[in-house]
Amino acid sequence: AQSVTQLDSQVPVFEEAPVELRCNYSSSVSVYLFWYVQYPNQGLQLLLKYLSGSTLVESINGFEAEFNKSQTSFHLRKPSVHISDTAEYFCAARDFGNEKLTFGTGTRLTIIP
Amino acid sequence: DTEVTQTPKHLVMGMTNKKSLKCEQHMGHRAMYWYKQKAKKPPELMFVYSYEKLSINESVPSRFSPECPNSSLLNLHLHALQPEDSALYLCASSQASAAYNEQFFGPGTRLTVL
């Protein structure tokens, strides 16, 4: 992917409210898309990925993301957030045939009790 | 074992020191990666090893020297670093370097260069 854009650097949300973290990518070829989460002082963990098939992908902890090819987006959503969701979220893309993973600049999700 | 381990967790070194970071995985992955992450920034790719051969070097200064002694182990040798090299160094691995393979990240080594 030539670039991955996360427009929101910080998103504060009240506990149990819904959230959407936005991600747009640009690429001239097919891409694989990923969301990673980084908790404070930790490495990155894969949250979910889109490789092919159904455009809606889900994680085990209630997050989901939808691949929209026409809008070149892969927004992350959760219907009800918890304090434990406080973390940095990175969207990433990898072109078909490319070893390099391109990251967005990250969105810091802060949950307000 | 679905972990990538990294040692040490923290490292403080002077500009004249030589030190090494170590990364290990026992998932049978054949691609391994080094990333550098500065505070509040995304990880930046430094090196990719595929089947123990260096396949990508993202124009990293020669004071960083990677080594892949076998398919489970990845080292990063550090020499004559600068204070601006202080960062979190992340190791990752994937089944192969093909684009659809997810990367598994280690917890990182937090490096401080004095």
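Preceding this section is the structure that the text describes.
Account for the packing of aromatic side chains, naming residues and giving values.
Considering all chains together, one arrives at 13 aromatic pairs over all chains under this definition. Considering the side-chain rings of Y36 of chain A and F103 of chain A, the 6.0 Å spacing of their centres and the 50° angle between planes classify their relative orientation as tilted. One end of the pair, Y36 of chain A, is in strand β5 (residues 31–38); the other, F103 of chain A, is in strand β11 (residues 102–103), and 67 residues separate them in sequence. F103 of chain A sits in the buried class, given a relative accessible area of 10%. Counting every residue linked through ring pairs, the aromatic cluster contains F34, Y36, F90 and F103 of chain A together with Y33, Y35 and F105 of chain B.

I'd love a proper account of the pattern of salt bridges, names of residues and values included.
In the structure shown here, the tally under the stated rule is 11 salt bridges over all chains. One salt bridge in this structure joins E102 of chain B and K49 of chain A, with 3.0 Å as the shortest N-O distance. Within this pair, whereas E102 of chain B is found in the loop between β9 (87–94) and β10 (104–105), its partner K49 of chain A is found in strand β6 (residues 44–50), the two belonging to separate chains. For E102 of chain B, a relative accessible area of 19% puts it in the buried group. Overall, the relative accessible area of 29% leaves K49 of chain A in the partly exposed class. With its nearest N and O atoms 3.8 Å apart, the salt bridge here joins E66 of chain A to R77 of chain A. A residue pair is termed long-range when its members are at least 10 positions apart, and E66 of chain A in strand β8 (residues 64–68) and R77 of chain A in strand β9 (residues 73–78) qualify at 11 residues. For R77 of chain A, a relative accessible area of 27% corresponds to the partly exposed category. Several salt bridges share partner residues, and in doing so they unite E20, E66 and R77 of chain A into one network.

Please set out the state of the cysteines residue by residue, giving values where relevant.
Each disulfide is one covalent bond, formed between the sulfur atoms of two cysteines. Within this structure, the stated rule accounts for two disulfides over all chains. Each sulfur of the disulfide joining C23 of chain A and C91 of chain A lies 1.9 Å from the other. Handedness of the C23 of chain A-C91 of chain A disulfide follows from its S-S torsion of about -65°: it is left-handed. Here the residue C23 of chain A occupies a position in the loop between β3 (19–21) and β4 (24–26), and C91 of chain A occupies one in strand β10 (residues 87–95), the gap between them amounting to 68 residues. One exposure class covers both C23 of chain A and C91 of chain A, and it is buried. Distance from the sulfur of C68 of chain B, which forms no disulfide, to the nearest cysteine sulfur (C23 of chain B) is 9.2 Å. C68 of chain B gets classed as buried once you look at its relative accessible area, which sits at 13%.

Thresholds, definitions, all that
Residues numbered from 1 in each chain as written. Chains lettered and ligands numbered in written order. Predicted model: local features only at pLDDT ≥ 70, side-chain atom pairs only at ≥ 80, totals over all residues. Heavy atoms only, no water. Phe/Tyr/Trp six-rings, centres within 6.5 Å; stacked < 30°, edge-to-face > 60°. Helix = DSSP H or I, 4+ residues; strand = E, 2+ residues; numbered from the N terminus. Buried < 20%, exposed > 50% of the residue type's maximum accessible area, 1.4 Å probe, protein only. Salt bridge = Lys/Arg side-chain N within 4 Å of Asp/Glu carboxyl O. Disulfide = S-S within 2.5 Å.

Honestly, that's just the spatial picture; any functional story needs more than this.
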